[in-house]
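Next come the chains, spelled out residue by residue.
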Amino acid sequence: MKAEKFFTDQEKERIRQAVVAAESKTAGEIIPMIVTSAARYTEIELLGLVAGLFAGMLVEWFWSDPWGSPYFQLWPVIGALVGFLTARIPAVKRILASSGRIGEAVHTLALASFTDQGLHHTRDHTGILILIALLEHRVEVLADRGINEKVSHDTWDEIVHSITAGIKSGHACDAYCKAIERCGDILATHFPRQTDDKDELPNRLVTK
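Heads up: these notes are all about the structure in this document. (Residues numbered from 1 in each chain as written. Predicted model: local features only at pLDDT ≥ 70, side-chain atom pairs only at ≥ 80, totals over all residues. Heavy atoms only, no water.)

Within the protein, the secondary structure is distributed over nine helices and four strands. Reading the helices (α) and strands (β) of the protein from amino to carboxyl end gives α-α-β-α-α-α-α-β-β-α-α-α-β. Taken over the C-alpha trace, the protein has a radius of gyration of 23 Å; the compact-globule value for 208 residues is 17 Å, which it surpasses by more than 25%. Counting only C-alpha atoms and orienting by the principal axes, one finds that the protein spans roughly 85 × 35 × 25 Å. In the protein, which comprises 208 residues, the proportion classed as buried is 40%. Of the contacts formed within the protein by residues at least 6 apart in sequence, a portion of 76% connects residues at least 24 apart. Across the protein, the mean location of the 22 positive side-chain charges is 3 Å away from that of the 27 negative side-chain charges. (Helix = DSSP H or I, 4+ residues; strand = E, 2+ residues; numbered from the N terminus. Rg over C-alpha atoms; globule rule 2.2 N^0.38 Å. Buried < 20%, exposed > 50% of the residue type's maximum accessible area, 1.4 Å probe, protein only. Contact = heavy atoms within 4.5 Å. Lys, Arg positive; Asp, Glu negative; His and termini not counted. Charge placed at Lys NZ, Arg CZ, Asp CG, Glu CD.)

Right, let's talk about helix α3 (residues 42-63) for a bit. With 22 residues, α3 extends 31 Å between its outermost C-alpha atoms, agreeing within 8% with the 32 Å of an ideal straight helix rising 1.5 Å per residue. For α3, the full list of buried residues reads Ile44, Glu45, Gly48, Gly52 and Gly56. Looking straight down α3, one finds its buried side chains confined to an arc of 110 degrees; they lie on one side. Away from the buried face of α3 by more than 90 degrees, exposed residues Leu46, Leu47, Phe54, Trp61 and Phe62 are located. (Expected span 1.5 Å × (residues − 1). Arc of directions from axis to C-beta.)

Structure representation (structure tokens):
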């Protein structure tokens, strides 16, 4: 499923309101984000192309007729095309990609998105990114250094687990909103809202 279609418009509004409510009691900033895929995994597409080409060459080797139609000599090309297209199917990519490769791709995207969304520019370095990667079936919570100095990593693991469980049970929006609320409570404990606090970043769900 595409990231843009995963949540309905009503659910996107619920998520936005959850961010507004969470940030109303803290100086921190929360960005919810959902992506269709953290990476393209071109190496898997190349693997499919090569495997298909090899399979097509075997077919031509064993079953081609030198006196027959020249179209039978296209088996390597057909095999390469089928292999490439098959390797582009999201489910196939998820199966063939190693856990380490998936983890690296999601973390790299989270780091890049943290910068792209301006979370590293918050006044007190109190930004949090909550990222869902659909193809990878992964969730990552990334917090700025100001927060990580006071909050243990186990806290983020707890939030990741709650969102993952919610998605698996078909209650993704509820789980996401509760995770945002939890992040707001954590931020409020260590970084309460100041009288001169401003909303530094947009509150909407970012899709990509």
